[in-house]
Amino acid sequence: MTSYHHAGPVGIGIIGAGTISVEYLTNLTSFPDVVVHIVGDLFPEAAQKRAEEFGVPASGTTQDVLDHPDVEIVINLTVPVAHAEVSRSIIAAGKHVWTEKPITTVPADAKELLAAATERGVRVGGAPDTVLGAGIQTALRTLRDGSIGTPASALTLFQSPGPEDWHPNPSFLFQEGAGPLYDIAPYYVTTLALALGPVVSVSAAGSRARDKRTIGSGPKAGEVFDVTVPTQVAALLHFESGQNATVLLSFDSPHRRTGFVEIYGTDATLAFPDPNVFEGDSALTVYRGDEPTPVPAGGATTGRGLGVLEMARAIRSGTRHRAQGEIAAHVLDTMVAIETAIAEGSIVKVSSTFTEVDPMPADFDPFALTL
């Protein structure tokens, strides 16, 4: 039986005690508007270790988290292939879901999940919440205040030689379900969706510079592994609003250029900060102007967990939260459409959409007690 609380801090449970849980727990245990009650994992001893590390009072199995009477939002930090099943069980237990990216690995599962949540009267929120940080949110406010005139198009770039030189176990990043498309695009495509609205169709090309790569560091250094997905993806996104965006993502470039997002408008160009981090100033270049003007970032830069906190406050106030599950599902659809466009050499329609959200206020303070 779910107990509904309508005042005071929002109760949190976490499923998945892996590496990423450290950043979530560091932040969520420091925000006064939420209380972490329990950590659960497939391996309860891993959950116990993590709970003890952060002074969380309880730990146990996935089921223990779902059964906890004071937990209102459950954070799903399991492996991507388990996201759909675990999130389904959270909704069935009558709890709100926050899920790490991707929302699911298959678009049909995401659609089903959102429908189940609506029916049960609970919310779904989804990563990345870097886009709720001061950096991207300041850029979005600048866009909304008319500083660039009417937005016309966008260019995003992420170019690197690939993660195998520093990652101790990188082979999974070059296989199905990963590559630069699924690993990196969520940050860039989410940012473009928040800036320009829903995507209606995509065309794309992909290539692979090498079929085999070598691990560069750690205990497996020198091991060779197969590359089975495109390691360079070039996509053209068409938006409902009539604009377009070019998205280039590469693990094939010796020249590094990351965090590049520019929106071109009728009066100015706005350069966004890196969507993979929470901070960073923007820069505005007016039409025929020489030098860009910095736009200093205002807002929260606390790191992962910001989206959970924003959702918790929205639950209490009965307003829409910003990192909507429908946005995460639309981004997944867009990425799958890019993959299909590469495979088929065709223009692929994106059928899902979402209702746009307003940027966060510059004075959003994670450390204030508001509930």
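Each value, and the rule that gives it
- Within each chain, residues carry numbers counting from 1 in the order of the written sequence.
- Per-residue local features of the predicted model are confined to residues with pLDDT of at least 70, and side-chain atom pairs are confined, for both listing and counting, to 80 or more; whole-chain, interface and lining totals are unaffected and use all residues.
- Remark: hydrogens and water are excluded; side-chain values derive from all non-hydrogen atoms of the structure.
- Put simply, DSSP H or I for four residues or longer makes a helix, DSSP E for two residues or longer makes a strand, and each gets a number counted from the N terminus.
- Residue contacts are defined here by distance: any two heavy atoms, one from each residue, within 4.5 Å place the two residues in contact.
- Exposure classes here rest on a 1.4 Å probe applied to the protein chains alone. A residue is buried below 20% of its type maximum, exposed above 50%, and partly exposed in between.
- Only the stretch in contact is used when fitting a helix axis, every axis being a line fitted to C-alpha atoms; angles between N-to-C directions are given from 0 to 180 degrees.
- Angles below 35 degrees are treated as roughly parallel, those above 145 as roughly antiparallel, those between 65 and 115 as roughly perpendicular, and all remaining angles as oblique.
- The handedness criterion is simple: a crossing whose near helix is rotated anticlockwise from the far helix by less than a right angle is left-handed, and one whose near helix is rotated clockwise is right-handed.
- Side-chain classes are defined by residue name, with Ala, Val, Leu, Ile, Met, Phe, Trp, Tyr, Cys and Pro counting as nonpolar, Asp, Glu, Lys and Arg as charged, and the others, Gly among them, as polar.
- In short, DSSP must find at least two bridges between two strands for them to pair.
- Salt bridges are defined by distance alone: a side-chain nitrogen of Lys or Arg within 4 Å of a carboxyl oxygen of Asp or Glu.
- To form a nonpolar core, buried Ala, Val, Leu, Ile, Met, Phe, Trp, Tyr and Cys residues must be joined to one another through side-chain atoms within 4.5 Å.

Under an unreviewed UniProt entry, the name given to the protein chain is Gfo/Idh/MocA family oxidoreductase, and the source organism is Candidatus Brachybacterium merdavium.

Q: Describe the environment of tyrosine 187, naming the residues involved and giving the relevant values.
A: Topologically, tyrosine 187 is positioned in helix 7 (residues 179-196). As for tyrosine 187 and aspartate 129, which are separated by 58 residues in sequence, their C-alpha atoms are 8.9 Å apart. Here tyrosine 187 is in contact with Lys101, Pro128, Thr130, Val131, Pro275, Asn276 and Arg304, once residues within four sequence places are set aside.

Q: Summarise the environment of phenylalanine 278; cite the residues concerned and give the values.
A: Residue placement: phenylalanine 278 occurs in the loop between strand 14 (268-272) and strand 15 (282-286). Residue classification places phenylalanine 278 among the buried positions, given a relative accessible area of 6%. When the C-alpha atoms of phenylalanine 278 and alanine 134 are compared, they prove to be 6.1 Å apart, with 144 residues separating the residues in sequence. With sequence-adjacent residues up to four places away left out, phenylalanine 278 is seen in contact with Glu23, Asp129, Thr130, Gly133, Ala134, Gly135, Ala300, Thr301, Gly303, Arg304 and Leu306.

Q: Tell me about the packing of helix 6 (residues 134-144) against helix 7, residues and numbers included.
A: Interhelical geometry of helix 6 versus helix 7 gives an angle of 25 degrees and a closest axis separation of 10 Å. When the axis of helix 6 is compared with that of helix 7, the two are roughly parallel. Crossing handedness for the pair helix 6 and helix 7: right-handed. Two secondary-structure elements touch here, helix 6 through Ile136, Leu140, Leu143 and Arg144 and helix 7 through Thr191, Leu194 and Ala195. For the contact of helix 6 with helix 7, a count of residues per class yields five nonpolar, one polar and one charged.

Q: Can you explain the packing of helix 4 (residues 83-92) against helix 5 (residues 107-120)? Please cite residues and give values.
A: Between helix 4 and helix 5, whose axes approach to 10 Å, the crossing angle comes to 10 degrees. On the basis of their axis angle, the class for helix 4 and helix 5 is roughly parallel. Contact residues: helix 4 offers Ala84, Ser87, Arg88, Ile91 and Ala92, while helix 5 offers Asp109, Glu112, Leu113, Ala116, Ala117 and Arg120. Taken together, the residues of the contact of helix 4 with helix 5 break down into six nonpolar, one polar and four charged.

Q: Report on the sheet that holds strand 3 (residues 58-60), specifying residues and quantitative values.
A: Spatially, 3-2-1-4-5-6 is the arrangement adopted by the six strands of the open sheet, whose pairing is parallel. Two strands lie at the open edges of the sheet, namely strand 3 and strand 6 (124-126), each paired on one side alone. Strand after strand, the sheet turns through a mean of 25 degrees between neighbouring axes, direction not considered. One ladder, built from three bridges, connects strand 2 (residues 34-40) with strand 3; its direction is parallel. In the sheet register, glycine 40 faces strand 3, and the bridge partner there is glycine 60. Of the strands in this sheet, strand 2 and strand 3 touch helix 2 (residues 44-53), which is tilted by about 160 degrees from strand 3. Here helix 8 (residues 306-317) sits on the sheet and contacts strand 1 (10-15), strand 2, strand 4 (73-76), strand 5 (96-99) and strand 6; the angle it forms with strand 5, its principal contact strand, is near 160 degrees.

Q: Tell me about the pattern of salt bridges, and please be specific about residues and values.
A: Scanning all chains against the criterion turns up 14 salt bridges. Measuring nitrogen to oxygen at the nearest pair gives 2.6 Å for the salt bridge that ties arginine 313 to aspartate 33. Here arginine 313 is found in helix 8, whereas its partner aspartate 33 is found in the loop between helix 1 (20-28) and strand 2, with 280 residues between them in sequence. Judged by relative accessible area, which is 12%, arginine 313 ranks as buried. What makes aspartate 33 buried here is its relative accessible area of 0%. In this structure, glutamate 100 and arginine 304 form a salt bridge, with 3.6 Å as the shortest nitrogen-oxygen distance.

Q: How would you explain the nonpolar core if you had to name every residue and give the values?
A: Counting 73 residues, the largest nonpolar core has Val202, Leu237, Ile263 and Phe272 as the members making the most contacts within it. The biggest single contributor to this core is helix 7, with 12 residues. Not counting residues up to four positions away in its chain, the partners in contact with valine 202 are Leu236, Leu237, Thr334, Ala337, Ile338, Ala341, Ser346, Ile347, Val348 and Val350.

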